[in-house]
Amino acid sequence: MKNLRNVRPASAFIAFVCAAVISGTASQAAGQVGTGETVIQKATEQFESSPLKTTSLDKGMWMFSGDGGNATAIVAESSTLLIDSGIDSRVSELGDAIFKATGRPVTRLVNTHWHFDHTGGNVYFGSGGVTILAQENVKKRLSSVQNVPFTGLRDGHYPTQALPTVNYADSTTLQQDAQKLTLVNYGPAHTDGDTIIYIAPANIAVVGDIFSNHFYPIIDLASGGSIDGMIHSVDQILAQTNGQTKIVPGHGPVATRSDLQDYRDLLVQVRQRIKVLVAAGKTINEAVAAAPTKDFDAKWGSGYVSPDVFVRMVFTSLMDSSNPNR
Ligand SMILES: [Zn+2]
């Protein structure tokens, strides 16, 4: 069985052309996006060409970034627990970087949600006998074809060895030597299968794509995501963290609670502005033309989710929630 990613051969081609033109990776540093047309083409170009970076989070803990969503590794005496597995085309490079940092084999893998840039390495790790854990809806999403509106992403139907075999509903805990991991789902937010992982006593929160630092987020409306759910989950994370917590976002550098607070303010203000447009009977195109994110775009609008796409997602989410018959 082959993964269905009908947009990716095209984006791989664009990435190749781009690399040939710029002859190097310097201009593809994190945060810069390529020339692809859809969100996924732009993102995939970036994931395929960004250098893989290893960042120390604490003793025995690292973040790996560049090859998709951020991945986090936590070591115990004889094993490594991994959170998220990047894109499939760079998984052996990721595996090498993890082993170089940790010196121990990966035995467990937690997926923060089903998207390809967080689960692309599942086949590699699952085939090698790694136990994959996730919120129960991740397995459902990965088992069938999914279409994510406004992004160009069509994916899912992963092979059996890539599917989570340990599935939880609301919360569960894992022990990795002295570190206790609490896995929590606060209801649909970015998708309907999001997991936030609190690591204590290290005081690290791995939050997946509920937070990208600092780019407009994708709200996967077809997978149950919503702007209200995003804000609800962010509020819960803010309540569980403090000024010393290191927050590992789904994309972008390690953040602080104050960065997450800024992001919460962005979501709340944009939701309010678009609510006003919805109440005034504006169409989605009129809402985009009203530029309700304008004063936020300098800080948040340079990622692969453009202001236009973000407004469309929030608008549609609010239309869905305001109409019980939809
Ligand atoms: Zn995602």
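No experiment lies behind these values; they were computed from the predicted model shown. (Residues numbered from 1 in each chain as written. Predicted model: local features only at pLDDT ≥ 70, side-chain atom pairs only at ≥ 80, totals over all residues. Heavy atoms only, no water.)

Asks: Where do I start with empty space enclosed by the protein in this structure?
Replies: Over the atoms, a rolling probe the size of a water molecule traces out where space has been left empty. Tallying each qualifying case throughout the model produces one cavity of 30 Å³ or more. Of the volumes computed, that of the largest cavity is approximately 150 Å³. Contributing to the lining of the largest cavity are 18 residues, with Asp-117, Asp-209, Ile-218, His-251 and Tyr-304 lying nearest its centre. Of all the secondary-structure elements, those providing two or more residues to the lining of the largest cavity are helix H2 (39–49), helix H4 (116–119) and strand E13 (204–212). It is H2 that contributes the most residues to the lining of the largest cavity, three residues altogether. Grouping the constituent residues of the lining of the largest cavity by class yields eleven nonpolar, five polar and two charged. (1 Å grid on protein atoms, 1.4 Å probe; cavity = no way out; pocket = protein on both sides within 12 Å on 5 of 7 lines; lining within 4 Å. Points joined across faces, edges and corners; volume = space filled by probe spheres on them. Helix = DSSP H or I, 4+ residues; strand = E, 2+ residues; numbered from the N terminus. Nonpolar A, V, L, I, M, F, W, Y, C, P; charged D, E, K, R; others polar.)

Asks: Just checking my understanding: could you explain the coordination of the zinc ion for this structure?
Replies: A metal bound by six donors in octahedral fashion has ideal angles of 90 or 180 degrees, whereas one bound by four tetrahedral donors has an ideal angle of 109.5 degrees. Looking at the zinc ion, one finds its protein donor set to be His-113 (NE2), His-115 (ND1), His-190 (NE2) and Asp-209 (OD), positioned 2.2 Å from the metal centre. Classification of the site at the zinc ion rests on its four donor atoms, whose angles at the metal span 88 to 164°, yielding the label irregular. For the zinc ion, the donor residues sit on a single chain with the sequence spacing H-x1-H-x74-H-x18-D. Separated by 19 residues along the polypeptide, His-190 in the loop between strand E11 (179–184) and strand E12 (196–200) and Asp-209 in strand E13 bring together distant segments of the chain. By the burial criterion, His-190 is buried, and Asp-209 matches it. (Donors = N, O, S within 2.8 Å, 3.2 Å for Na, K, Ca; no water. Tetrahedral: all angles 85-135°; square planar, octahedral: opposite > 155°, others 65-115°. Buried < 20%, exposed > 50% of the residue type's maximum accessible area, 1.4 Å probe, protein only.)

Asks: Is there a simple way to explain the sheet that holds strand E5 (residues 106–110) in this structure?
Replies: Strand pairing in a sheet relies on backbone hydrogen bonds, with the paired strands running either antiparallel or parallel. Overall, mixed pairing links the seven strands, which are arranged E1-E2-E3-E4-E5-E6-E9 in an open sheet. For this open sheet the edge positions go to strand E1 (53–58) and strand E9 (166–168), each flanked by a neighbour on one side alone. Here the strands of the sheet are splayed against their neighbours by 20° on average, with no regard to which way each runs. Inspection of the sheet shows E1 paired to strand E2 (residues 61–65) by five bridges, in the antiparallel sense. Along E2, the bridge assignment pairs Lys-53 with Ser-65. (Pairing = 2+ DSSP bridges. Axes fitted to C-alpha atoms, helices over the stretch in contact; angles between N-to-C directions.)

Asks: How should the layout of surface pockets be read in this particular structure?
Replies: A volume near 170 Å³ is recorded for the second largest pocket. Looking at the second largest pocket, the residues that line it are Lys-59, Gly-60, Met-61, Ile-74, Val-75, Ala-76, Gln-176, Asp-177, Ala-178 and Gln-179. Partitioning the lining of the second largest pocket into residue classes produces five nonpolar, three polar and two charged.

Asks: So what exactly am I meant to see when it comes to the sheet that holds strand E14 (residues 246–251) here?
Replies: Read from one edge to the other, the open sheet built from five strands follows the order E10-E11-E12-E13-E14, with strand pairing classed as mixed. What marks the edges here is a single partner per strand, and that holds for strand E10 (171–176) and E14. Strand after strand, the sheet turns through a mean of 25° between neighbouring axes, direction not considered. In this sheet, E11 lies alongside E10 in antiparallel orientation, the contact comprising six bridges. By the bridge assignment, Gln-175 is partnered in E11 with Lys-180. Where helix H7 (residues 227–240) meets the sheet, it contacts E12 and E13, and its direction lies at approximately 160° from that of E13. Contacts from helix H8 (residues 257–279) reach E13 and E14, with the element oriented near 25° to E13. (Contact = heavy atoms within 4.5 Å.)

Asks: Can you walk me through H7 in this structure?
Replies: For an α-helix, 3.6 residues make a turn, and residues three or four places apart therefore share a direction. An ideal rise of 1.5 Å per residue puts 20 Å on 14 residues; H7 measures up with 20 Å between its terminal C-alpha atoms. Turning to H7, the residues buried within the fold contact E12, E13, H8 and helix H11 (307–322). (Expected span 1.5 Å × (residues − 1).)

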